[in-house]
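Notes for the structure review
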Amino acid sequence: MNTKLDDIFKSNKSSSKSKINNDDLCSDLEVSTLLAKSSVPYSHRRIADNYVVLRRICSFQIVQPRITMVETALLNKYSFDTLENTTISKANKEIAQLKDWATSTDDIIREDATKLLNIRVKEIKFVLSDNYSTNSNEMFKGYKAYETYLTNVTRYYR
């Protein structure tokens, strides 16, 4: 009888782990590459160019600041979570949404899309400068999707 209870508890643990792993697969990074290939707005190209140049020069060894409360409020306004709590598939959906918003006819949404991408770049810099967070499994890998997107945008649009 004890073995049946152990089997029940083991199956619940494995199903929750498989759900987390399905949302954060590294094979989903190919979607970020495809998003970078198809019609990228000029504001995204400009932000990606700045990011890649700084990445080549500094490689973010210096400790970068966290996002401010105002920036967190802007993320919450559009129901975006912080980058540490974002999976790769969710980040890809956010990138596609930011691309749509960057070409919107509404000025406020277009400006907020640019601000949101700048916030994401700031978060990437912080995550990459903090060696503990990138080496541990305590956070999701959504930052890799944004990093792949930004580096591939500069590769395809020179």
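Here, the structure is the one placed above.
My aim in this report is to walk through the structure given alongside it, one point at a time. (Residues numbered from 1 in each chain as written. Predicted model: local features only at pLDDT ≥ 70, side-chain atom pairs only at ≥ 80, totals over all residues. Heavy atoms only, no water.)

Look at helix α3 (residues 42-57) against helix α6 (residues 107-129): their axes get within 10 Å of each other, and the N-to-C directions meet at 20°. Taken together, the axes of α3 and α6 lie roughly parallel to each other. Crossing hand, α3 versus α6: right-handed. Here Ser43, His44, Arg46, Ile47, Tyr51, Leu54 and Arg55 of α3 lie close against α6, whose contacting residues are Thr114, Leu117, Asn118, Val121, Ile124, Lys125 and Leu128. (Axes fitted to C-alpha atoms, helices over the stretch in contact; angles between N-to-C directions. Helix = DSSP H or I, 4+ residues; strand = E, 2+ residues; numbered from the N terminus. Parallel < 35°, antiparallel > 145°, perpendicular 65-115°, else oblique. Left-handed = near helix turned anticlockwise from the far one by under 90°. Contact = heavy atoms within 4.5 Å.)

Note on pairing: side chains with opposite charge can pair once their charged atoms come close. Applying the stated criterion across every chain yields a total of seven salt bridges. In this structure, Glu84 and Arg66 form a salt bridge, with 3.4 Å as the shortest nitrogen-oxygen distance. Placement of Glu84 in the loop between α4 (69-77) and α5 (88-102) and of Arg66 in the loop between α3 and α4 is noted, with a sequence separation of 18 residues between them. Overall, the relative accessible area of 24% leaves Glu84 in the partly exposed class. Its salt-bridge partner being Arg120, residue Glu123 comes within 2.7 Å of it at the nearest N-O pair. Highlighted residues: Glu123 and Arg120, both in helix α6, separated by three residues, approximately one helical turn. With respect to burial, Glu123 and Arg120 carry one shared label: buried. One network of salt bridges, in which partners are shared, links Glu94, Arg120 and Glu123. (Salt bridge = Lys/Arg side-chain N within 4 Å of Asp/Glu carboxyl O. Buried < 20%, exposed > 50% of the residue type's maximum accessible area, 1.4 Å probe, protein only.)

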